[in-house]
Amino acid sequence: MTGTLPKFGDGTTIVVLGASGDLAKKKTFPALFGLYRNGLLPKNVEIIGYARSKMTQEEYHERISHYFKTPDDQSKEQAKKFLENTCYVQGPYDGAEGYQRLNEKIEEFEKKKPEPHYRLFYLALPPSVFLEAANGLKKYVYPGEGKARIIIEKPFGHDLASSRELQDGLAPLWKESEIFRIDHYLGKEMVKNLNILRFGNQFLSAVWDKNTISNVQISFKEPFGTEGRGGYFNDIGIIRDVIQNHLLQVLSILAMERPVTFGAEDIRDEKVKVLRCVDILNIDDVILGQYGPSEDGKKPGYTDDDGVPDDSRAVTFAALHLQIHNDRWEGVPFILRAGKALDEGKVEIRVQFRDVTKGVVDHLPRNELVIRIQPSESIYMKMNSKLPGLTAKNIVTDLDLTYNRRYSDVRIPEAYESLILDCLKGDHTNFVRNDELDISWKIFTDLLHKIDEDKSIVPEKYAYGSRGPERLKQWLRDRGYVRNGTELYQWPVTKGSS
């Protein structure tokens, strides 16, 4: 238990390590600017970038502001003021001198601010330097008085052993209450809405079990390939990149029991409990794929990407069947699937209910609850209805909550904005706890080692721009998914396909 942590106040310094990298440029600094624009950062906050690259302050400002959203003169002026509160310190991650300069810069700022002093360190770094940076910060930059927190980006290791090595290295340096392991999917609006949706609506709570639900799919689809990052992806694969973290986090919230409260530790306790009920995966539970050229030959295959060996077995598509052995979910297939170079881009949860009792009307399509995480956040229930008019014909329609129509005047924050704000507030709810990380790697490690080491396992080829491997359709059917009623169902074009 971590208890309630204090909200960071006016004496706050935010340090972004890895400030010259893509993650900081594309996500971290734009999120900080978004919070600043909306008046959500502590007053008079100082933001410091730290990295190995040599840059002038002007070059640094140009780099970090490249992805700021400034659609009008007011936002451009806000960006200018934001940059006035940022500076850059150059230094290595494995030596004392850089950290000492960083500490001097922070102390220079803190002398002008009231106590207590707060320091937030954001590690936008590759995992290979996590421990070096965490050690250097604790040794040379940790405040003598006041509070400090550290945000660590995924990946948190590449299997169970490396994850435990990372945790064992962090544990003597930083208390668990000070560590915020960020998985940006936990900051997405529709994922944060799952608890209210499930536990705040009796009509859903009453049917949320094996007696009513046939199967659950959590899908991640990208319409593009690795696009020049194939060499990096060759060592990662889609399971480590997306499924073991992002999609498993969604599953844990979707399947957990009602927490005692909506407090951080009560929610995270329930996530750990349900993950402990998940079977360890084996090769019989999965479909593996790797995209080839598009059918028209205009898009290259994965092995055509620079840095990718011709005989690469890297997995760019995976569908995994997980089983949860508890009273609520025994026998319900949970399918996690993710892929690159597919026919569309979207992330969604699809809960398919069991068949209606036959007799009154035969062969009714199944009801489905669909939660669209991105793009165009929405929740809709596919249901059966009589076709209007002088007919008894059935038609599939929907109960529809599409956010960009219903909440057109409400700004939905970026996931990183939401999570950085949670960290400043001291709220661990949407961050990954150490025991949760451990059990999640237990589920996947044997499978990942099998794929890595057994050269007889070759991913099935699928065309760039297709729905995935050819046998996916039958594989889903074998696990209870019924694709029916779609010929009568018209999903408005503006919102994507059904």
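Residues numbered from 1 in each chain as written. Predicted model: local features only at pLDDT ≥ 70, side-chain atom pairs only at ≥ 80, totals over all residues. Heavy atoms only, no water.

- As recorded in an unreviewed UniProt entry, the chain goes by Glucose-6-phosphate 1-dehydrogenase and comes from Yarrowia lipolytica.
- UniProt's Function (unreviewed entry) comment on the chain is quoted here verbatim: "Catalyzes the rate-limiting step of the oxidative pentose-phosphate pathway, which represents a route for the dissimilation of carbohydrates besides glycolysis. The main function of this enzyme is to provide reducing power (NADPH) and pentose phosphates for fatty acid and nucleic acid synthesis."
- Comment text from UniProt for the chain, heading Pathway (unreviewed entry), reads "Carbohydrate degradation; pentose phosphate pathway; D-ribulose 5-phosphate from D-glucose 6-phosphate (oxidative stage): step 1/3." (UniProt positions renumbered as here; feature names shortened; annotations may be inferred.)

Quick look at the overall build of the chain
Okay, step 1: Counting secondary structure elements, the chain contains 16 helices and 15 strands.
Okay, step 2: Relative to the compact-globule value of 23 Å for 498 residues, the chain shows a C-alpha radius of gyration of 24 Å, a close match.
Okay, step 3: Projected onto the principal axes, the alpha-carbon positions of the chain cover approximately 80 × 50 × 45 Å.
Okay, step 4: When the 498 residues of the chain are sorted by exposure, 55% land in the buried category.
Okay, step 5: Contacts in the chain between residues at least 24 apart in sequence constitute 78% of all its contacts with a sequence separation of at least 6.
Okay, step 6: Taking the average place of the 70 positive charges on the side chains of the chain and the average place of its 74 negative ones, the gap between the two points comes to 4 Å. (Helix = DSSP H or I, 4+ residues; strand = E, 2+ residues; numbered from the N terminus. Rg over C-alpha atoms; globule rule 2.2 N^0.38 Å. Buried < 20%, exposed > 50% of the residue type's maximum accessible area, 1.4 Å probe, protein only. Contact = heavy atoms within 4.5 Å. Lys, Arg positive; Asp, Glu negative; His and termini not counted. Charge placed at Lys NZ, Arg CZ, Asp CG, Glu CD.)

Overview of the sheet that holds strand E3 (residues 86-90)
Okay, step 1: Strands sit in the order E3-E2-E1-E4-E5-E6 across an open sheet of 6 strands; the sheet is parallel. Bordering the open sheet on either side are E3 and strand E6 (179-182), each of which pairs with just one other strand. Here the strands of the sheet are splayed against their neighbours by 20 degrees on average, with no regard to which way each runs.
Okay, step 2: Relative to E6, strand E5 (residues 147-153) runs parallel, the two sharing 4 bridges. Each bridged residue has a counterpart across the sheet, and for Ile152 the counterpart in E6 is Arg181.
Okay, step 3: Lying on the sheet, helix H1 (residues 22-37) is in contact with strand E1 (12-17), strand E2 (46-51), strand E4 (118-123) and E5; it crosses E1 at an angle near 165 degrees. (Pairing = 2+ DSSP bridges. Axes fitted to C-alpha atoms, helices over the stretch in contact; angles between N-to-C directions.)

Quick word on the pairing of E3
Okay, step 1: For E3, the tally of buried residues reaches 4 of 5 residues, placing the bulk of the element in the interior.
Okay, step 2: Here 5 bridges tie E2 to E3, and the two strands are oriented parallel to one another. Bridge pairing in E3 places Ile47 opposite Thr86.

Brief notes about the domain arrangement of the chain
Okay, step 1: As far as domains go, the chain holds domain 1 (10-152) and domain 2 (190-410 + 432-486).
Okay, step 2: Distance from the C-alpha centre of domain 1 to the C-alpha centre of domain 2: 36 Å. (Domains from an automatic or database assignment.)

Examining the pattern of salt bridges
Okay, step 1: Following the criterion strictly, the structure yields 33 salt bridges and no others.
Okay, step 2: The salt bridge partner of Asp452 is Arg240, with a shortest N-O separation of 2.9 Å. Here the residue Asp452 occupies a position in helix H15 (residues 434-453), and Arg240 occupies one in helix H11 (residues 237-255), the gap between them amounting to 212 residues.
Okay, step 3: On the basis of relative accessibility, which here comes to 42%, the residue Asp452 falls in the partly exposed class.
Okay, step 4: Notably, a salt bridge pairs Glu417 with Arg411, separated by 2.7 Å at the nearest N-O pair.
Okay, step 5: By relative accessible area, which is 46% here, Arg411 ends up partly exposed.
Okay, step 6: What you see here is one network of salt bridges that share partners, running through Lys221, Asp343, Glu344, Lys346, Glu348, Arg350, Glu368, Arg372, Lys382 and Arg467. (Salt bridge = Lys/Arg side-chain N within 4 Å of Asp/Glu carboxyl O.)

Some thoughts on unusual backbone geometry
Okay, step 1: The amide bond that connects Lys154 to the next residue, Pro155, takes the cis arrangement and shows omega of 5 degrees.
Okay, step 2: Here Pro155 is to be found in the loop between E5 and helix H6 (160-170).
Okay, step 3: Cis peptide bonds are those with omega within 30 degrees of zero, and the linkage from Gln374 to Pro375 qualifies with -15 degrees.
Okay, step 4: Within the element layout of this structure, Pro375 appears in the loop between strand E12 (368-374) and strand E13 (378-386).
Okay, step 5: Positive phi is not limited to glycine here, since Glu227 has a value of about 45 degrees.
Okay, step 6: Mapped onto the elements of the fold, Glu227 is located in the loop between strand E7 (213-221) and helix H10 (230-234).
Okay, step 7: Classification of Glu227 as exposed rests on a relative accessible area of 51%.
Okay, step 8: If you check the backbone angles, Ser376 has positive phi at about 50 degrees while not being a glycine.

Here's the deal with the sheet that holds strand E10 (residues 334-339)
Okay, step 1: Strand order in the open sheet formed by 9 strands is E14-E13-E12-E11-E7-E10-E9-E8-E15, and the pairing between neighbours is mixed. At either margin of the open sheet sits one strand with a lone partner, and together these are strand E14 (394-402) and strand E15 (460-463). Between one strand axis and the next, the sheet turns through 20 degrees on average, direction left out of account.
Okay, step 2: Note: strand E11 (residues 346-353) against E12, 6 bridges, orientation antiparallel. Bridging from a neighbouring strand, Ile349 pairs with Ile371 of E12.
Okay, step 3: Contacts from H11 reach E7, strand E8 (286-292), strand E9 (317-322), E10, E11 and E12, with the element oriented near 145 degrees to E10.

Description of helix H2 (residues 57-64)
Okay, step 1: For H2, the complete set of buried residues consists of Tyr60, His61 and Ile64. One face of H2 carries all of its buried residues, which in axial projection span an arc of 95 degrees. Away from the buried face of H2 by more than 90 degrees, exposed residues Glu58 and Glu62 are located.
Okay, step 2: On the buried face of H2, the contacting elements are H1, E2, helix H3 (73-84) and E3. (Arc of directions from axis to C-beta.)

Remarks on the nonpolar core
Okay, step 1: Counting 144 residues, the largest nonpolar core has Leu17, Phe29, Phe121, Leu123, Leu137, Ile239 and Leu322 as its most contacted members.
Okay, step 2: Per-element tally for this core: the top contributor is H11, with 11 residues.
Okay, step 3: Of the residues that make up this core, three or more belong to each of domain 1 (10-152) and domain 2 (190-410 + 432-486). (Core = buried A, V, L, I, M, F, W, Y, C linked by side-chain atoms within 4.5 Å.)

Section: the state of the cysteines
Okay, step 1: As enumerated under the stated definition, the model contains 0 disulfides in all.
Okay, step 2: Of all cysteine sulfurs, the one in Cys87 lies closest to Cys423, which takes part in no disulfide; the gap is 19 Å. (Disulfide = S-S within 2.5 Å.)

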